[in-house]
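# Analysis of the macromolecular model
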Amino acid sequence: MARKNSRYSPEFREAAAKEVVERSRTIAEVARELGVVEQTLNNWVKKYRENHPSNEPELSVPERARLKELERTGPGQIARAGTKE
């Protein structure tokens, strides 16, 4: 059985998750600023997104196209894509 951890209030957890979801900040950045473990904040963000699915902004058509392009190229080619040969 999971233990009940009340070190952080529900309000604190939600505010931290909102920083990531609504302000598009990284989990690492917010976790460092608040002094919490990244995985802990990641769990809070996941739960927040499950409870507030409409708060996640939709991608625009150009953003979707760019995402597909990045998924196709792979991590090794992303850095080289902007360089001229």
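What comes next concerns the included structure. (Residues numbered from 1 in each chain as written. Predicted model: local features only at pLDDT ≥ 70, side-chain atom pairs only at ≥ 80, totals over all residues. Heavy atoms only, no water.)

If you tally the helices and strands in the protein, you get 5 helices and 0 strands. Starting at the N terminus and walking to the C terminus, you meet the elements of the protein as α-α-α-α-α. Classification of the 85 residues of the protein by burial places 18% in the buried group. A sequence separation of at least 24 residues applies to 48% of the contacts in the protein between residues at least 6 apart. (Helix = DSSP H or I, 4+ residues; strand = E, 2+ residues; numbered from the N terminus. Buried < 20%, exposed > 50% of the residue type's maximum accessible area, 1.4 Å probe, protein only. Contact = heavy atoms within 4.5 Å.)

As for its position among the elements, E19 is in helix α1 (residues 10-21). For E19, the side chain forms a polar contact with the side chain of R23, separated by 3.4 Å. Here E19 is in contact with S24, R25 and V30, once residues within four sequence places are set aside. (Polar contact = N/O pair within 3.5 Å; in protein donor to acceptor, adjacent residues only side chain to side chain.)

Unusually for a residue other than glycine, S24 sits at a positive phi of about 55 degrees. Checked against the element boundaries, S24 lands in the loop between α1 and α2 (27-34).

Generally speaking, soluble globular proteins have nonpolar side chains that are buried together. Formed by Y8, A16, A17, V20, V21, V30, A31, V36, L41, W44, V45 and Y48, the largest nonpolar core amounts to 12 residues. Only α1, α2 and α3 (38-51) provide two or more residues apiece to this core. (Core = buried A, V, L, I, M, F, W, Y, C linked by side-chain atoms within 4.5 Å.)

Our focus in this paragraph is the packing of aromatic side chains. Aromatic ring pairs are reported here in terms of the distance separating the ring centres and the angle at which the planes meet. Using the criterion set out here, one finds 3 aromatic pairs in the structure. An angle of 15 degrees between the planes, with centres 5.2 Å apart, marks the rings of Y8 and F12 as stacked. For F12, a relative accessible area of 29% translates into the label partly exposed. Connected via pairs of aromatic rings, a cluster forms that spans Y8, F12 and W44. (Phe/Tyr/Trp six-rings, centres within 6.5 Å; stacked < 30°, edge-to-face > 60°.)

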